[in-house]
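# Report on the structure
As a plain string of letters, each chain reads:
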There are 2 protein chains.
Amino acid sequence: MDNRDNVQRPRVTINDIAEATGFAASTVSRALSRPGRVNAATRERIVAVARELSYVPNTHARALTSGRTETVAVLVSDVTNPFYFGLIRGTQHQLKAAGYTHLLIDTENSGELESHTLSKMRQSIDGAIMATSRLSRRLLAELAAELPLVAVNRMVRGVESVVLDSPSGVAQAAEHLISLGHREIVYMSGPQNSWANEARWRSLVAAAARHGLPVHRLGPFPAGRMSGSAAADALINTRATACIAFNDLLAIGMLTRLRERGVGVPDEISVVGCDDMFGADFCYPTLTTLAAPIEQAGRVAVSMLLARLHDSAPATRQSAVLPTHLIVRESTGPAPR
Amino acid sequence: MDNRDNVQRPRVTINDIAEATGFAASTVSRALSRPGRVNAATRERIVAVARELSYVPNTHARALTSGRTETVAVLVSDVTNPFYFGLIRGTQHQLKAAGYTHLLIDTENSGELESHTLSKMRQSIDGAIMATSRLSRRLLAELAAELPLVAVNRMVRGVESVVLDSPSGVAQAAEHLISLGHREIVYMSGPQNSWANEARWRSLVAAAARHGLPVHRLGPFPAGRMSGSAAADALINTRATACIAFNDLLAIGMLTRLRERGVGVPDEISVVGCDDMFGADFCYPTLTTLAAPIEQAGRVAVSMLLARLHDSAPATRQSAVLPTHLIVRESTGPAPR
DNA sequence: TTGAAAGCGCTAACAA
DNA sequence: TTGTTAGCGCTTTCAA
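Residues numbered from 1 in each chain as written. Chains lettered and ligands numbered in written order. Predicted model: local features only at pLDDT ≥ 70, side-chain atom pairs only at ≥ 80, totals over all residues. Heavy atoms only, no water.

Residue and element names in this part refer to chain A. Along the chain, the position of Arg261 falls in the loop between α11 (248–260) and β9 (270–275). Expressed as a C-alpha distance, the spacing of Arg261 and Asp233, which sit 28 residues apart in the sequence, is 8.8 Å. In contact with Arg261, other than residues within four places in its own chain, are Asp233 and Ile236. (Helix = DSSP H or I, 4+ residues; strand = E, 2+ residues; numbered from the N terminus. Contact = heavy atoms within 4.5 Å.)

This is the structure we're talking about:
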């Protein structure tokens, strides 16, 4: 007995179509999933009947025999972090266009959950796109050896990846601040295990060095708006007139705190964020930030992954680097004299 | 030949465990998925060996025979709408706690996509939670008859649902504005086919009527920050000193435009939003808004759905109503004289 | 180009 | 309590 009150209509299978058309089930299967290997007329007939009976292929049966699921997992550390908006949209569109199912997974900032989920899901997905992985280099490479994987915002040897050209972006931000007369620039550091954080810091050091300026870093601060208070307080305690924050979330948190403490932005301190996430254009003051084509990154990652899944050629292990650019808004201004 | 270079380790199946323990495959199956119906010692042995071989059950094979997938779909009209953050978190946690997989689906504001996706997914999910459905009453009820379904933020007869008590919340907002001396309050309407929009409008009318005040509505405006400009311009054109916007997205868009046009908030116009979404506390000025326990709504929805899936009793077709409350921030103030 | 038949990994009768 | 057996719906050899 079915314990739900839902109408469980008898599902249409290829056998029903086989019966209705007089062809064998195997022919129906071929006609539906491998149209090239069947007589055109036969295929048309079968497809027509399939539609008529509103046949829906059983993905489980298909996956069981073929191993393919037409599903790609997209792992992000926190679905509700606006930074991922663009990535989610990009992967979503590109996957849908290719007829794939988008399985969005929230790894809750845990590297362990990443690999655990992925191995549990192994048979349910054809591949995965991993954003901002918290995994160690070694573990990530191991994972990539077990299933088709593309990393976003993380570069590891042996793993295909799409990264944003933070170095050039951070350099732009530094030039911008320097051109405004700032001489003491501080980097508000994000989580220590963040690859992007290290990349940003290093390029800031390099950019400042080119101008003969020293830079310091404060933190690390957990990536989140909450950390903004501590970050702002720490910053006020220095002689710096400008800072570049690991990301917009942190920067916005700082703006709130600076306002609370009566420190004028940009009159006393200039703040630059990273990511141009949702909210950067309506916080107060609006945030100068480093924008990256994250939606495009999602699309590129999907393309790379699908190429990998479809091509007979071995993966090329390449990585794509996408350009970033600075968006100047109200939170930066001339250095106070 | 495998065309990927990934190591396809031979997957461990229950047959391997059967062989290793000497039990029949069916016993292994029972021990693993129905522990009560097997000798304790047997179970222990089997579980131990399963772990040793790092066995992972094949979800497709399981779904194929049993029809159960331990997966629940959560449909939202737009994953990147901050309003859903709490809902996503709530459902995520509750589902994970119950050992279910969370399949997050973006329906891109299309009712058609909702039902289409759901019927395609029918065999891949045990049930669904549908937020803010765009479907007609009839279609939603039909869908609910076909699979276990809980609607959030939408009330339809014959469909279990979790809704937020907007009426009481909007009344609070109205009282707040009236107590500040506002006499001309306008409702900035959201999409016409939105159930919540109608509910909010009706309760505002009722609340105002209790004070003998008339209210007008402007719009409808598409729910999005972009619509804020048109909404703000329309509002300025009236004699209203206060407005309640369909949601925070719209309200924040309005704030931006009002600032552009040099209209003081709250000095000249007070603005109230709905939802207390991400950003409402850092926009400028910070937004007075109606907060709803949306995360709790997600948890409750999952509980209702799981009860439905597990219990032998027929669904009770009940609906839960969660309280809302007003959060007063900077965007509301005394009416100008 | 098409059909027959085997079997993917698991669950669920039924029997013992 | 456990084993035997028969599929779930599909894909994929292998033959015709």
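What follows deals with the packing of aromatic side chains. All names here are of chain B. Tallied over the entire structure, the rule returns twelve aromatic pairs over all chains. Ring centres of Phe85 and Phe278 lie 6.0 Å apart, and the angle between their planes is 55 degrees; on these two criteria the pair is classed as tilted. Taken as a pair, Phe85 in helix α5 (residues 85–97) and Phe278 in the loop between β9 (270–275) and β10 (288–291) lie far apart in primary sequence, 193 residues in all. For the pair Phe85 and Phe278, a shared accessibility class is recorded, and that class is buried. Residues Phe278 and Phe282 carry aromatic rings whose centres are separated by 5.5 Å and whose planes lie at 80 degrees to one another, so their mutual orientation is edge-to-face. Classification of Phe278 as buried rests on a relative accessible area of 16%. Residue classification places Phe282 among the buried positions, given a relative accessible area of 3%. (Phe/Tyr/Trp six-rings, centres within 6.5 Å; stacked < 30°, edge-to-face > 60°. Buried < 20%, exposed > 50% of the residue type's maximum accessible area, 1.4 Å probe, protein only.)

Tallying each qualifying case throughout the model produces 28 salt bridges over all chains. Between Glu160 of chain A and Arg308 of chain A there is a salt bridge; the shortest N-O distance is 2.9 Å. Of this pair, Glu160 of chain A sits in strand β5 (residues 160–164) while Arg308 of chain A is found in helix α12 (residues 294–310), placing the two residues 148 residues apart along the sequence. Exposure class is identical for Glu160 of chain A and Arg308 of chain A. Each is buried. Two residues, Arg225 of chain A and Asp281 of chain B, come together in a salt bridge whose shortest N-O distance is 3.2 Å. In this pair, Arg225 of chain A is assigned in the loop between β7 (215–218) and α10 (227–236) and Asp281 of chain B in the loop between β9 and β10, connecting two distinct chains. By relative accessible area, which is 32% here, Asp281 of chain B ends up partly exposed. One network of salt bridges, in which partners are shared, links Asp233, Arg257, Glu260 and Arg261 of chain A. (Salt bridge = Lys/Arg side-chain N within 4 Å of Asp/Glu carboxyl O.)

So, about the UniProt feature "domain: HTH lacI-type" (unreviewed entry) in chain A. Per the UniProt record, "domain: HTH lacI-type" (unreviewed entry) is found at residues 12–66 of chain A. The span residues 12–66 of chain A carries 69% helix and 0% strand; its end-to-end C-alpha distance comes to 20 Å. (UniProt positions renumbered as here; feature names shortened; annotations may be inferred.)

Residue-level contacts link 68 residues of chain B with 68 residues of chain A. Taken over both partners, the interface formed by chain B and chain A buries close to 5,400 Å², and the fraction arising from carbon and sulfur atoms is 49%. Seen at the junction of chain B and chain A, the total is eight salt bridges. For Arg89 of chain A, the salt bridge identified is with Asp78 of chain B, shortest N-O distance 3.6 Å. (Buried area = accessible area lost by both parts, 1.4 Å probe.)

Next up on the list: the protein's contact with DNA strand D. Taken together, the neighbourhood of DNA strand D is formed by 27 residues, with Tyr55 of chain A together with Ser26, Thr27, Thr42 and Thr65 of chain B sitting nearest. Here a phosphate oxygen of DNA strand D sits 2.6 Å away from a polar atom, N or O, in the main chain of Ile14 of chain A. Between a phosphate oxygen of DNA strand D and a main-chain N or O atom of Ala24 of chain B, the distance comes to 2.9 Å. For the surface near DNA strand D, the secondary-structure elements that each account for two or more residues are α2 (25–33) and α4 (59–66) of chain A together with α2 (25–33) and α4 (59–66) of chain B. (Near = heavy atom within 4 Å. Polar contact = N/O pair within 3.5 Å; in protein donor to acceptor, adjacent residues only side chain to side chain.)

Burial runs high along strand β2 (residues 101–106) of chain A: five of the six residues are buried. Between the parallel elements strand β1 (residues 71–76) of chain A and β2 of chain A, the chain passes through helix α5 (residues 85–97) of chain A in a crossover that is right-handed. (Right-handed = clockwise from strand over helix to strand, strands pointing away.)

Here we take up α11 of chain A. Residue and element names in this part refer to chain A. Relative to the 18 Å expected for 13 residues at 1.5 Å per residue, α11 spans 18 Å between its end C-alpha atoms, a close match to the ideal helical length. Buried residues along α11 sit in contact with β6 (185–188), α10, β8 (242–245), β9 and β10 (288–291). The N-cap of α11, judged by a side-chain oxygen 3.3 Å from the amide nitrogen of Leu249 a few residues on, is Asn247. Directly beyond the C-terminal end of α11, a positive phi value near 75 degrees is found at Gly262. (Expected span 1.5 Å × (residues − 1).)

Further remarks concern the protein's contact with DNA strand C. Surrounding DNA strand C, one finds 28 residues, the nearest of these being Thr27, Thr42 and Thr65 of chain A together with Ser29 and Tyr55 of chain B. A breakdown of the atoms of DNA strand C within 4 Å of the protein gives sugar and phosphate a share of 63%. The side chain of Arg62 of chain B places a nitrogen or oxygen atom 2.6 Å from a phosphate oxygen of DNA strand C. If you list the elements that add at least two residues to the surface near DNA strand C, you get α2 and α4 of chain A together with α2 and α4 of chain B. At five residues, α4 of chain B tops the list of elements feeding residues into the surface near DNA strand C.

Let us now look at the packing of helix α8 (residues 166–179) of chain B against helix α9 (residues 195–210) of chain B. Residue and element names in this part refer to chain B. The contact between α8 and α9 brings their axes to 8 Å, and the two run at 45 degrees. It follows that α8 is oblique to α9 by the angle criterion. Every pair of crossing elements has a handedness; the one defined by α8 and α9 is right-handed. Of α9, the residues touching α8 (which contributes Ser166, Pro167, Val170, Ala171, Ala174 and Glu175) are Arg200, Ser203, Leu204, Ala207 and Arg210. (Axes fitted to C-alpha atoms, helices over the stretch in contact; angles between N-to-C directions. Parallel < 35°, antiparallel > 145°, perpendicular 65-115°, else oblique. Left-handed = near helix turned anticlockwise from the far one by under 90°.)

Glancing now at the side chain of Thr132 of chain A. Residue and element names in this part refer to chain A. Secondary-structure assignment places Thr132 in the loop between β3 (127–131) and α7 (137–146). The class for Thr132 is buried, based on a relative accessible area of 13%. Engagement of the side chain of Thr132 in a polar contact is seen with the side chain of Tyr84, the distance being 3.0 Å. The residues contacting Thr132, other than those within four sequence positions of it, are Phe83, Tyr84, Val152 and Asn153.

Residue and element names in this part refer to chain B. Judged by pairing direction, the sheet is parallel, and its six strands sit side by side in the order β2-β1-β3-β4-β5-β11 without closing on themselves. Here the strands that pair on one side only, and so sit at the sheet edges, are β2 (101–106) and β11 (319–322). Here the average twist between neighbouring strands, direction ignored, is 15 degrees. Here strand β5 (residues 160–164) pairs with β11 via four bridges, running parallel. Across the sheet, residue Val162 finds its bridge partner in β11, namely Ala320. Along the sheet, α5 contacts β1 (71–76), β2, β3 (127–131) and β4 (149–152); its crossing angle with β2, the most-contacted strand, is approximately 155 degrees. (Pairing = 2+ DSSP bridges.)

Residues and elements named next belong to chain A. Residues Leu149 and Ala151 of strand β4 (residues 149–152) are buried on one face, and the alternating residues Val150 and Val152, pointing to the opposite face, are buried as well. Pairing analysis gives four bridges linking β3 to β4, with the strands arranged parallel. Residue pairing across strands places Ala131 opposite Val152, the latter belonging to β4. Remark: the β3/α7/β4 crossover connection has right-handed handedness. With three bridges joining them, β4 and β5 adopt parallel strand pairing. The residue of β5 that forms the bridge with Val152 is Val162.

Here the focus is a positive patch on the surface. Residues Arg30, Arg34, Arg37, Arg62 and Arg68 of chain A make up a contiguous surface patch of positive charge. Considering the arrangement of structural elements, one finds Arg68 of chain A in the loop between α4 and β1. (Patch = residues over 30% accessible without salt bridge, like charges linked within 9 Å, V, L, I, M, F, W, Y side chains within 5 Å. Areas by Shrake-Rupley, 256 points an atom, 1.4 Å probe, with all protein chains shown as cover. Lys, Arg positive; Asp, Glu negative; His and termini not counted. Charge placed at Lys NZ, Arg CZ, Asp CG, Glu CD.)

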